[in-house]
Amino acid sequence: MTKRLNLNELVLPHLRSAKPYVPGEQPSGEGWIKLNTNENPFPPSPHIADAITEASKHLAIYPNPSSSELRAVIGRLHGIDPANIVVGNGSDDILNLITRSFCSADSHGLLVEPGYSHYPVLIGLQGGVQKEIRFDDAMKLPVGEIVNSQTKVCFLTSPNAPTGVGFSTKEIGKVLEAYQGILVVDEAYADFAKEDAISLLADFDNLIITRTLSKSYALAGLRLGYAMASVEVVNLLNAIRDPYNVGALPQAAAIAALEDQTYYKGVIDKICLTRENFLIWLKKKDWFCYESQSNFLFFEPRKISGESSPDLTAGLFEFLHEKKILVRYFGNHELTNRFLRVSVGTQSQMNTLSEVLELWQKEK
């Protein structure tokens, strides 16, 4: 006898219509220029291979459950106590812990849009309700709207994704002074920015800063992230995280990476220089681009006549795909549907992109 399962009757009601996060396309085959997921185009520190090899000798035992050595290294890097740090399986793991802690059907999660599109997915998985505040074209931080939102947690990406705009420590401090909830400042791209919010941790217990090693440290494939917050918040997140949420190999790789600041400073400097070179090229074409403090650029393509539109941008996205260049298009938001987001690759990759963009414009 065959038994048929009616999954819809068993699954939690709020998960029946759950939609997953949709990442950027992962290409198969050779010849692609991948500029769609803000990965680092350069290899990670050469010391990481040795660290992983050494750690692999001990895979029969569980990893350090609190990532204590790694937290000590992070603490020295940022000048904070390891007790103010929690480590996760990528910063998405940390964001998941935060939504589990503060979001439910009775507890709104505030999103400042456009932003990282994984936030609403995580809130939805908790059966939470999301509330949105929209940036205008100027991308100024809406301090008053956040403060008056009557929400328990607010997710803010700084520098912003997808625009790359960074928000000043002073403005973030204004939010923290008056906001009654938890402000999560997602600093995935902070190493490419002019400033960060770490100095605010000492004065504001309602601040959580999340970081990832996927971008500036070129460790996207190992999944390692962390949060910095008050001891009270860190203890809460530790209480609900999986006991062995970070494996031994990612911990070893992260320690080796974070201790090789000389190498990564060189990598970050190269990426920022390439970013500025491409920004200059865009300005010469009179294509609007937000001033990026990240490892990507968000620009508005135009015909030679100066015309721009969502359809034009969508067409360029497909044109680049045909030329085996992957970028990102966010066509479902009125503030983003005229723009493309392009990760900063090597100078050679950006030169190729420039040539293909010139070709496209000549055909329009």
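Everything quoted here is computed from the prediction, not taken from an experiment.

## Describing the overall build of the protein chain
Helix and strand counts for the protein chain stand at 12 helices and 12 strands. Compactness check: the protein chain gives a C-alpha radius of gyration of 21 Å against a globular reference of 21 Å for 364 residues, within 12% of the reference. A principal-axis box enclosing the C-alpha atoms of the protein chain has dimensions of 65 × 60 × 50 Å. The buried share among the 364 residues of the protein chain stands at 52%. Residue pairs in contact within the protein chain that sit at least 24 positions apart in sequence constitute 71% of those at least 6 positions apart. Placing the 35 positive and 42 negative side-chain charges of the protein chain at their respective mean positions leaves the two points 4 Å apart.

## Focus on the sheet that holds strand S12 (residues 340-343)
Strand order in the open sheet formed by 3 strands is S9-S12-S11, with antiparallel pairing between adjacent strands. Pairing within the sheet leaves two strands with one partner each, and these edge strands are strand S9 (296-299) and strand S11 (328-329).

## Considerations on the nonpolar core
Residues Ile146, Ile172 and Leu183 are the most contacted members of the largest nonpolar core, which totals 54 residues. No other element matches the 7 residues that helix H9 (residues 248-258) contributes to this core. Beyond its immediate sequence surroundings of up to four residues, Ile172 is in contact with Leu141, Leu156, Ser158, Phe167, Leu183, Val185, Ala197 and Leu200.

## Here's the deal with the state of the cysteines
All chains considered together, the criterion is met by 0 disulfides. Cysteine Cys103 remains unbridged, with the sulfur of Cys154 as its closest cysteine sulfur at 11 Å. Overall, the relative accessible area of 4% leaves Cys103 in the buried class. No disulfide involves Cys289; its sulfur sits 14 Å from the nearest other cysteine sulfur, which is in Cys272.

## Considering the pattern of salt bridges
Tallied over the entire structure, the rule returns 16 salt bridges. The shortest N-O distance in the salt bridge between Glu39 and Lys34 comes to 2.9 Å. By sharing partners, the salt bridges in this structure join Glu187, Asp191, Asp196 and Arg211 into a single network.

## A closer look at helix H7 (residues 169-178)
Among all positions in H7, only Thr169, Ile172, Gly173, Val175 and Leu176 are buried. Down the axis of H7, the smallest arc covering the buried residues is 160 degrees, so these residues share one side. Turned more than 90 degrees from where H7 packs its buried face, Lys170 and Glu177 sit exposed. Structurally, H7 contributes buried residues whose contacts are with helix H6 (143-147), strand S5 (153-157), strand S6 (182-186) and strand S7 (207-212).

## Notes on the sheet that holds strand S8 (residues 225-228)
The strand order across the open sheet built from 7 strands is S2-S8-S7-S6-S5-S3-S4, with neighbouring strands paired in mixed fashion. Sheet topology places strand S2 (85-88) and strand S4 (129-134) at the edges, where each strand pairs with a single neighbour. Sheet twist, expressed as the average angle between the axes of neighbouring strands with direction ignored, equals 20 degrees. Here strand S3 (residues 108-113) pairs with S5 via 3 bridges, running parallel. Its bridge partner being in S5, Leu110 is matched across the sheet by Cys154. Sheet strands in contact with helix H4 (residues 91-102) are S2, S5, S6, S7 and S8, and its direction is about 155 degrees off that of S7. Relative to the sheet, helix H8 (residues 231-240) contacts S2, S6 and S7, its axis offset from that of S2 by approximately 30 degrees.

What counts as what
- Residues numbered from 1 in each chain as written.
- Predicted model: local features only at pLDDT ≥ 70, side-chain atom pairs only at ≥ 80, totals over all residues.
- Heavy atoms only, no water.
- Helix = DSSP H or I, 4+ residues; strand = E, 2+ residues; numbered from the N terminus.
- Rg over C-alpha atoms; globule rule 2.2 N^0.38 Å.
- Buried < 20%, exposed > 50% of the residue type's maximum accessible area, 1.4 Å probe, protein only.
- Contact = heavy atoms within 4.5 Å.
- Lys, Arg positive; Asp, Glu negative; His and termini not counted.
- Charge placed at Lys NZ, Arg CZ, Asp CG, Glu CD.
- Pairing = 2+ DSSP bridges.
- Core = buried A, V, L, I, M, F, W, Y, C linked by side-chain atoms within 4.5 Å.
- Disulfide = S-S within 2.5 Å.
- Salt bridge = Lys/Arg side-chain N within 4 Å of Asp/Glu carboxyl O.
- Arc of directions from axis to C-beta.
- Axes fitted to C-alpha atoms, helices over the stretch in contact; angles between N-to-C directions.

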